[in-house]
Amino acid sequence: MDLNPRVLIVDDEPWIARGLQTFLEDEGMRVKISASAEEAMIRARDGESFDVCIMDMRLPGMNGDQAIRVLHELQPALQFLIHTGSTDFMISDDLRAIGVGDGQLFCKPLLDMSRLSSTVASLSRLRQGESEDRGRD
């Protein structure tokens, strides 16, 4: 098992994405950035594998809610964390059905990224455990 979480950040605001990337890489994580949901789909379809996806909700083109559903279909073990500037965002029932809970919702701007980092690490362990279980079947 690879202990360094593989993280995909999907955010169209470069300064936010790069800030998250730098922080998470300093925590030992391997991080890639996609500026759109469509770019993230290409990565997933091309076989890039991630443990956790940090998804912005307001994106050009396909929005984050739709992107999470499609990425979940492409990579069912992928875990999601929502990172949004919308203070009134509510997690929809269909996202809850695929495992996105209130503890995975983070509002911008994050003043303390330690909770985000620990949530990513926890979701990564969950995802990596699911992948190992599938390999045993």
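Because the structure is predicted, anything quoted here is derived from the model rather than measured.

Rules used in this analysis
- Residues numbered from 1 in each chain as written.
- Predicted model: local features only at pLDDT ≥ 70, side-chain atom pairs only at ≥ 80, totals over all residues.
- Heavy atoms only, no water.
- Salt bridge = Lys/Arg side-chain N within 4 Å of Asp/Glu carboxyl O.
- Helix = DSSP H or I, 4+ residues; strand = E, 2+ residues; numbered from the N terminus.
- Core = buried A, V, L, I, M, F, W, Y, C linked by side-chain atoms within 4.5 Å.
- Buried < 20%, exposed > 50% of the residue type's maximum accessible area, 1.4 Å probe, protein only.
- Contact = heavy atoms within 4.5 Å.
- Pairing = 2+ DSSP bridges.

**As for the pattern of salt bridges**
Here is step 1: A complete count under the given rule lists ten salt bridges for this structure.
Here is step 2: Of the charged contacts in the structure, one is a salt bridge between E39 and R43, with a shortest N-O distance of 4.0 Å. Placement of both E39 and R43 in helix α2 (residues 37-45) is noted, with a separation of four residues, approximately one turn of the helix.
Here is step 3: Sharing partners across several salt bridges, the network here consists of D11, E13, D56 and K108.

**Section: unusual backbone geometry**
Here is step 1: Cis peptide bonds are those with omega within 30 degrees of zero, and the linkage from K108 to P109 qualifies with -10°.
Here is step 2: Along the polypeptide, P109 turns up in the loop between β5 (105-107) and α5 (114-136).

**Notes on the nonpolar core**
Here is step 1: Counting 22 residues, the largest nonpolar core has C53, M55, L71 and I82 as its most contacted members.
Here is step 2: The leading source of residues in this core is α2, at four residues.
Here is step 3: Excluding its chain neighbours within four sequence positions, the residues that come into contact with L71 are A40, M41, A44, C53, M55, L78 and F80.
Here is step 4: In terms of nonpolar packing, the next biggest core, distinct from the first, is built from 16 residues, V7, M29, L81 and A121 among them.

**Considering the pairing of strand β4 (residues 79-84)**
Here is step 1: Counting buried positions over the six residues of β4 gives six, a clear majority of the element.
Here is step 2: Here β4 shows a buried face lined by Q79, L81 and H83 and a second buried face lined by F80, I82 and T84.
Here is step 3: In terms of strand pairing, strand β3 (residues 52-55) meets β4 through four bridges, oriented parallel. Looking at the pairing, M55 lines up with I82 of β4.
Here is step 4: In this sheet, β5 lies alongside β4 in parallel orientation, the contact comprising three bridges. Bridging across to β5, H83 finds its partner in F106.

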